Every structure is written in C-alpha cells, then in structure tokens.
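# Structural characterization, general
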Amino acid sequence: MLKDTDENLNWLVPGPHWSRQVTDNMQDIVGRLADVIILPGEPMEEERLDGGRFRFLAGEHGGLSIKENNAMIVCDPGAVFTRKAVIEASCTIKGAHFKGTGGSNNEDLLVDVTSADATVAFMGCIFEKSPEQVTAFVNIADDARASFIGCVFIPVMPTAGTVVNNLGGGGKAANVGIIGCSNRTTKNHANVTSIFETT
C-alpha cells in the first residue's frame, strides 16, 4: 500500500507528466478500438488493410477502396461515403452510410464488389441514393459472396433499377443473402436470397 507521502501524491499535481500520461492512455484506448482511426477526408492507406481494423469517425469520407483480405471497417454514426466503394477483397463493413451524390462517381452505383474471390459482410449499413439516380445500389461480381445483415436501402425510387444486383445470375442466388434488412426503395433485388426483409 502506498503512503500519503509527497512523492506518492506527486502524480496528482498538474504538470508536464499529465500530458504524457493522457496521450499514452488515449493511444491505449484507440488501440483497443481499431488499428487505424480515419478522420473525415483522410485517405486510407491500403498497405495497412490486410487484417486491419479501421474505424471511420463521423463526417464525409469520399470513397472506399479495399484491396487486401480480412479488413474490418467499423463506422461511427454519421460516417458517410460520398463516392463509390470498390471492394476487391474479403472484408466486413459495419455501420457505413453509402450515399449517392450528384456529380460524383457513385451516382449509378454506390458499392461495387468486383472480385469473384471476395466474401463481404455488410452489417447495419445504410445505402442511400437520390430518387433520380438509376441502376443498382450494389453490384456483386459473379461468384463473389455477400451478406447484408440489418441494412437499410432508401429512399423510394421512382426510376427503374435494382437494389442489390448479383451478377452471377439466378443459379447463384445463394451466394448473396439479404437478412433482416429494410428495403424502402420499392425496387427489387436481383438473384439473391432474402430472409425477413421488410419493405
């Protein structure tokens, strides 16, 4: 047990050591939450993606490019991707808001899973397009696998198009699962297996 000596209570007195201690504590906390914290507008370093945990803070982040397997993408509420997300590797994405914006490269497609080898899990994500935008919200490459769990697709879309589009065709509908999602677009998915989706 420490005695109440001046030496033992020294750490309570504000001074330079406080700043160092706070910094060390914050780095420890951040390390437990994610390997890398991404601020709005900050590019993600792809060489650090393999098996990495990335936490995106609230704000606009532009696009997303995943080229290495096993990345874990976790987004704070309010973290919005305003350019196309291109996924070329297996990963998990939690809580992202993919939002179509006029004049951006995601007007026609919010997310493009381009690799046949990719297995992607979207959990609690929001996929939002402007009502005048057409074609699919998400394309899944032939032979790729994806699951959408508890995701939301908005808004009502008066134009033609699909929501999640499995390019593998009807014979590969089991490769893409829509589970417990909310599809408010009035449009259908193509070549997927849907379970407990509300409209």
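Residues numbered from 1 in each chain as written. Predicted model: local features only at pLDDT ≥ 70, side-chain atom pairs only at ≥ 80, totals over all residues. Heavy atoms only, no water.

This paragraph deals with the overall build of the chain. Scanning the chain for helices and strands turns up two helices and 19 strands. When each of the 199 residues of the chain is scored for burial, the buried share is 40%. (Helix = DSSP H or I, 4+ residues; strand = E, 2+ residues; numbered from the N terminus. Buried < 20%, exposed > 50% of the residue type's maximum accessible area, 1.4 Å probe, protein only.)

What follows deals with the sheet that holds strand E2 (residues 53-56). Pairing in this open sheet of eight strands is parallel, and the strands run E1-E2-E5-E8-E11-E14-E17-E19 from one edge to the other. Edge positions in the sheet fall to strand E1 (36-38) and strand E19 (193-195), since each has one partner strand and no second. Adjacent strand axes in the sheet meet at a mean angle of 15 degrees when their direction is disregarded. Here E1 runs beside E2; their pairing, made up of three bridges, is parallel. (Pairing = 2+ DSSP bridges. Axes fitted to C-alpha atoms, helices over the stretch in contact; angles between N-to-C directions.)

Turning to the side chain of His61, a few remarks are in order. As for its position among the elements, His61 is in the loop between strand E3 (59-60) and strand E4 (64-66). Here His61 falls in the buried class, since its relative accessible area comes to 7%. Polar side-chain contacts of His61 include one of 2.6 Å to the backbone oxygen of Leu57. Excluding residues within four positions of it along the chain, His61 makes contact with Ile38, Leu39, Pro40, Gly41, Phe56, Ala79, Val80 and Phe81. (Polar contact = N/O pair within 3.5 Å; in protein donor to acceptor, adjacent residues only side chain to side chain. Contact = heavy atoms within 4.5 Å.)

Before going further, it helps to spend a moment on unusual backbone geometry. Residue Pro155 is bonded to the preceding Ile154 through a cis peptide linkage, with omega at -5 degrees. Of note, Pro155 is situated in the loop between strand E15 (152-154) and strand E16 (164-166). Positive phi, close to 60 degrees, is recorded for Asn191, a residue that is not glycine. Of note, Asn191 is situated in the loop between strand E18 (182-183) and E19.

Bringing the sheet that holds strand E10 (residues 111-113) into the picture now. For sheets, the rule is that strands pair by backbone hydrogen bonds, running either parallel or antiparallel. Judged by pairing direction, the sheet is parallel, and its five strands sit side by side in the order E4-E7-E10-E13-E16 without closing on themselves. The open sheet terminates on both sides in strands that have one partner only, identified here as E4 and E16. Adjacent strand axes in the sheet meet at a mean angle of 10 degrees, parallel and antiparallel pairs treated alike. Note that strand E7 (residues 85-87) and E10 share three bridges and pair parallel. Along E10, the bridge assignment pairs Ile87 with Val113.

All chains considered together, the criterion is met by nine aromatic pairs. Consider the rings of Phe81 and Phe98, whose centres lie 5.5 Å apart with planes at 25 degrees: the pair is stacked. Note that Phe81 is positioned in strand E6 (residues 79-81) and Phe98 in strand E9 (residues 97-99), a separation of 17 residues in sequence. Judged by relative accessible area, which is 0%, Phe81 ranks as buried. With 5.1 Å between their ring centres and 15 degrees between their planes, Phe127 and Phe153 make a pair best called stacked. (Phe/Tyr/Trp six-rings, centres within 6.5 Å; stacked < 30°, edge-to-face > 60°.)

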